[in-house]
Amino acid sequence: MFKNEDVNFEVLRQKAFNYRWAEQAHDVIPLTAADPDFPVAPEIVNAISTYAKDGYFSYGPPHGALEFKKAISDYYHRHYQAFVASELVLPVNSAAYGLFVVMKHVLSDKGGNVIIPDPVDFLFRKSVENTGGEVRTCPIVEGTADFDVEKLVNLIDENTRAIMICNPNNPLGLQITVRHLEGLIQLAISRDLYIISDEIWADIHFGHATCSLFSDELSFYRKAIIVSGLSKNYGLAGLRIGYIMMRDESIYQSVFHCSGHATTAFGLQGIAQAAGIAALTECDYWLQVFRQHLKDMKQLSTEMLSQSTILSLTNSNATYLLFPKIMDPAISSSTYIEHIMKEAKVALVPGGISWFEKASEGRVRICFATSRAILQEALTRVLAAESNYFK
Ligand SMILES: Cc1ncc(COP(=O)(O)O)c(C=O)c1O
């Protein structure tokens with residue numbers, strides 16, 4: 001399922017945008033946006049065909065299809081020992097939109113500030129700023145995905161509304177520890193803050209399972225919210241499938257209002273929900289094989305990049321991303337990726353404030369959700385370009 005023959009370059013060059021194959025010159029290999037190079041599970045394709053067969057594409061329920069909400073709730077129970085009431089799950093048009101909607105709910109009354117990790121994906125900042133909120137970044141303890149607690153506590157004031165976490169962290173590729181999550185919940189309770197966990201990467205781990213914010217192991221908190229989706233685990237980024245999970249009926253109603261679903265201006269298409277049901281109810285086996293393949297690719301990239309004269313890998317145990325440091329402080333993230341693009345014809349994502357906040361400068365992000373042959377070719381070219389260029 002995850003061999004080089006399974007990668008359809010012709011289709012990728014037509015359909016894979018966002019810095020990937022369709023946006024690159026023919027000789028460039030993109031290890032950029034976190035979107036796998038493989039086709040999705042056959043069960044998902046069947047579900048989409050079946051949905052389309054009767055020829056009806058009517059308006060769907062504004063709160064989302066009941067079967068999809070139940071599939072999400074059951075999936076969380078099965079994979080994360082987490083109780084999620086299906087009536088408090090709101091399917092939305094992408095996890096990105098989910099973050100924007102949640103921030104609208106959190107900030108729309110009286111504004112305020114929101115604490116986000118540094119580094120983290122740029123969507124965190126965008127979602128806060130989109131509602132006029134102030135972003136406060138909190139450093140992560142080196143080698144972990146946990147906040148520096150002392151700094152976190154010092155950032156909180158009377159205008160703080162929420163703490164956002166990314167578990168596992170994109171770009172660090174690390175899971176937040178259970179103990180830290182419990183500490184964050186207790187802190188949020190004591191200061192009456194929302195805690196919002198982006199768990200879109202939760203299924204992609206190589207050691208132990210990710211601890212969800214709604215896990216039975218953790219305290220129940222009314223103002224805890226999860227945003228997740230099916231772009232990373234089941235390769236469905238183009239269907240824009242996201243969901244928001246809540247623990248309180250009045251919060252659900254407010255988030256629903258903020259979503260704009262009631263107006264029909266927004267909402268998740270029925271065909272995407274049909275695909276989502278198939279992914280969550282029939283494809284556990286596919287995810288398992290995908291994870292094994294990713295584990296092998298992580299090992300391959302780690303071995304190859306250990307020969308790099310410029311990059312130094314840091315530990316990671318989740319996501320299909322590597323986030324090495326550039327050892328020479330004189331080489332910036334953008335200089336490195338520009339040279340690699342020019343000399344190796346490999347596209348990477350730079351660190352830096354506009355991508356992953358300030359602490360990401362001096363690093364580069366490499367996506368390894370591709371076949372062995374492609375990855376080997378790309379990294380061989382990177383290593384050769386390094387030795388030719390950075391002397
Ligand atoms: C942490 C995180 N949240 C959200 C998203 C966006 O997900 P979606 O494709 O569902 O909008 C991404 C995509 O890279 C991500 O890494």
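Cut-off values and rules
- Residue numbers run consecutively from 1 along every chain, following the written order of its sequence.
- Per-residue local features are limited, in this predicted model, to residues with pLDDT of at least 70; the limit for side-chain atom pairs, both in listing and counting, is 80 or more; totals at the level of whole chains, interfaces and linings are taken over all residues.
- Here the side-chain values reflect all heavy atoms present in the structure, with hydrogen atoms and water set aside.
- Only strands that DSSP links by at least two bridges are regarded as paired with each other.
- Strands here mean DSSP runs of E at least two residues long; helices mean DSSP runs of H or I at least four residues long; both are numbered from the N terminus.
- When the strands point away from the viewer and the path from the first strand over the helix to the second turns clockwise, the crossover is right-handed.
- To estimate how far a helix should reach, multiply one less than its number of residues by 1.5 Å.
- A 1.4 Å probe rolled over the protein chains alone gives each residue an accessible area, and that area as a share of the maximum for its type sets the label: buried under 20%, exposed over 50%, partly exposed in between.
- Note that the arc is computed from the directions linking the helix axis to the C-beta atoms.
- In this analysis, two residues are considered to be in contact whenever any of their non-hydrogen atoms come within 4.5 Å of each other.
- When two rings of Phe, Tyr or Trp (its six-membered ring) have centres within 6.5 Å they constitute a pair, described as stacked for plane angles under 30 degrees, edge-to-face for angles over 60, and tilted for the intermediate range.
- The rule is short: NZ of Lys or CZ of Arg within 6 Å of the ring centre and within 35 degrees of the ring normal puts a charge over the ring.

### Some details on the pairing of strand S4 (residues 134–139)
Then comes step 1: Here 6 bridges tie strand S3 (residues 113–118) to S4, and the two strands are oriented parallel to one another. The partner of Asn-113 across the bridge, within S4, is Glu-134.
Then comes step 2: A crossover connection joins S3 to the parallel S4 through helix H5 (residues 122–130); in handedness this β-α-β unit is right-handed.

### Focus on helix H7 (residues 178–191)
Then comes step 1: Helix length check: H7 (14 residues) gives 20 Å between terminal C-alpha atoms against 20 Å at 1.5 Å per residue, within 8%.
Then comes step 2: Turning to H7, its buried residues are His-180, Leu-181, Leu-184, Ile-185, Leu-187 and Ala-188. All buried residues of H7 lie within an arc of 165° about the axis, which places them on one face of the element. Residues of H7 that are exposed and point over 90 degrees away from its buried face: Arg-179 and Ser-190.
Then comes step 3: Elements in contact with the buried residues of H7: helix H6 (149–155), strand S5 (160–166) and strand S6 (194–198).
Then comes step 4: Backbone geometry just after H7 places Asp-192 at a positive phi near 55°.

### Quick notes on the packing of aromatic side chains
Then comes step 1: Overall, the coordinates contain 19 aromatic pairs when judged by the stated rule.
Then comes step 2: Geometrically, the ring pair formed by Phe-9 and Trp-21 is edge-to-face, given 5.3 Å between the ring centres and 80° between the ring planes. Here Trp-21 lies in the loop between helix H1 (9–15) and strand S1 (29–30) and Phe-9 lies in helix H1, a separation of 12 residues in the sequence.
Then comes step 3: We classify Trp-21 as buried; its relative accessible area is 5%.
Then comes step 4: For the cation-ring pair, Lys-223 lies above Tyr-194, with the distance from its terminal atom to the ring centre recorded as 4.6 Å.
Then comes step 5: Its end group placed over the ring of Phe-214, Arg-247 keeps NZ or CZ at 4.0 Å from the ring centre.

The values reported here are purely geometric and, on their own, carry no functional implication.
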